[in-house]
Amino acid sequence: MEVRVEALSVARGHREVLSDVSFAAAPGEIVGLLGPNGAGKTTLLGAIAGMLAPASGRVLLDGDDAHRLPRREAARRVALMEQQPDRDIPLRAADIVALGLLPHRGRFDRGGSPRDAALAREALATVGAEELAERPWTELSGGERQRVSLARALAQRPRLLLLDEPTNHLDVRAQLDTLRFVADLGITAIAALHDLDHAARLCTRIVLLDRGRVAAQGAPAEVLTPEVIASVYGVRATVLTHPEDGRPVIALDSAIDTPGAIDTTVPPKEAP
Ligand SMILES: Nc1ncnc2c1ncn2[C@@H]1O[C@H](COP(=O)(O)OP(=O)(O)OP(=O)(O)O)[C@@H](O)[C@H]1O
């Protein structure tokens, strides 16, 4: 799917939290949304999913305005894997995954068929979590929930996959597996990420947000420079080039002291 975000501004409460954001993703591209806490990544994903109304500008999904698409039609095209899926409802993992089948269900199909169960298990197996099928959602660990949520998103058979910090609860092996898995899907994906190395590894394009505006965008090597990292995150970084594939590898060195920042130095002990 082709995604075009055109001069998008979004308000939450009485505040504009996204201002004049524009970027495009070609079919099959993987776009990383980066930026400090509160920069607007989750808000942007919500607007692309058609869940948050633009104050101005628009999001086009294969040419159709995301916010004007009927909900069911939007859900057939776009799956959103949320940051903290906190549905503390008494469902089994397989039931959660089956929710992803809803947009494709016929009008008189009430679900719960053996075919639905098989599709849910298939999606769980795809993310290596088949053994979680019967486990209650409320008893799953953060990483297990994350896998089940990804399975639910895949069960939706989307043409655009939106991921909000998809690796934040995962162990290092599971993080790499998830990134590779998303890359191999071959569908357009937009992922909010905090880990700059993950972004450099996974993404064809990076959109770096700062206080609701696009601070930089382009290929990972263009965006992830020491200068940009310093100005947006306030962190001194060394950027190396991976010897095998040439991608940028980012070593975060130290926070850059800014006037007014919290002083964390330990005061010298007073002499007795
Ligand atoms: N429901 C809401 N009502 C009012 N303001 C909100 C709401 N949700 C988010 N915001 C504000 O919008 C801004 C952007 O938040 P958003 O969650 O999109 O940022 P983010 O980049 O995803 O942050 P993080 O990295 O911390 O997850 C923040 O200032 C946040 O406080």
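Each chain carries its own residue numbering, running from 1 in the direction its sequence is written. In keeping with the model being predicted, local features are shown solely for residues with a pLDDT of at least 70 and side-chain atom pairs are shown and tallied solely at 80 or more, while totals for entire chains, interfaces and linings include all residues.

As named in an unreviewed UniProt entry, the chain is Iron complex transport system ATP-binding protein, taken from Demequina mangrovi.

### Things to note about the sheet that holds strand β3 (residues 30-34)
Going by this rule: By definition, two strands form a pair when at least two bridges between them are found by DSSP. Numbering of helices and strands runs from the N terminus; a helix is a DSSP stretch of H or I covering at least four residues, while a strand is a stretch of E covering at least two. Here the axes come from fitting lines to C-alpha atoms, over the contacting stretch only for helices, and the angles between their N-to-C directions go from 0 to 180 degrees. Each residue gets a C-beta atom placed from its backbone, and two residues are in contact if those atoms lie within 7 Å.
The strand order across the open sheet built from six strands is β6-β7-β8-β3-β9-β10, with neighbouring strands paired in mixed fashion. The sheet is open, and its two borders are formed by β6 (78-81) and β10 (213-218), each paired with just one other strand. Adjacent strand axes in the sheet meet at a mean angle of 15 degrees, parallel and antiparallel pairs treated alike. Alignment of strand β7 (residues 160-164) against strand β8 (residues 188-192), held across five bridges, turns out to be parallel. By the bridge assignment, L160 is partnered in β8 with T188. Most of the contacts of helix α1 (residues 41-48) go to β8, to which it runs at about 150 degrees, and overall it touches β3, β6, β7, β8 and β9 (205-210). Here helix α6 (residues 172-185) sits on the sheet and contacts β3, β7 and β8; the angle it forms with β7, its principal contact strand, is near 160 degrees.

### Let's talk about the environment of Q175
With respect to the element layout, Q175 can be found in helix α6. Along the primary structure Q175 and G143 are separated by 32 residues, whereas in three dimensions their C-alpha atoms are 9.7 Å apart. Every residue in contact with Q175, bar those within four places of it in the chain, is listed here: T167, L170 and H198.

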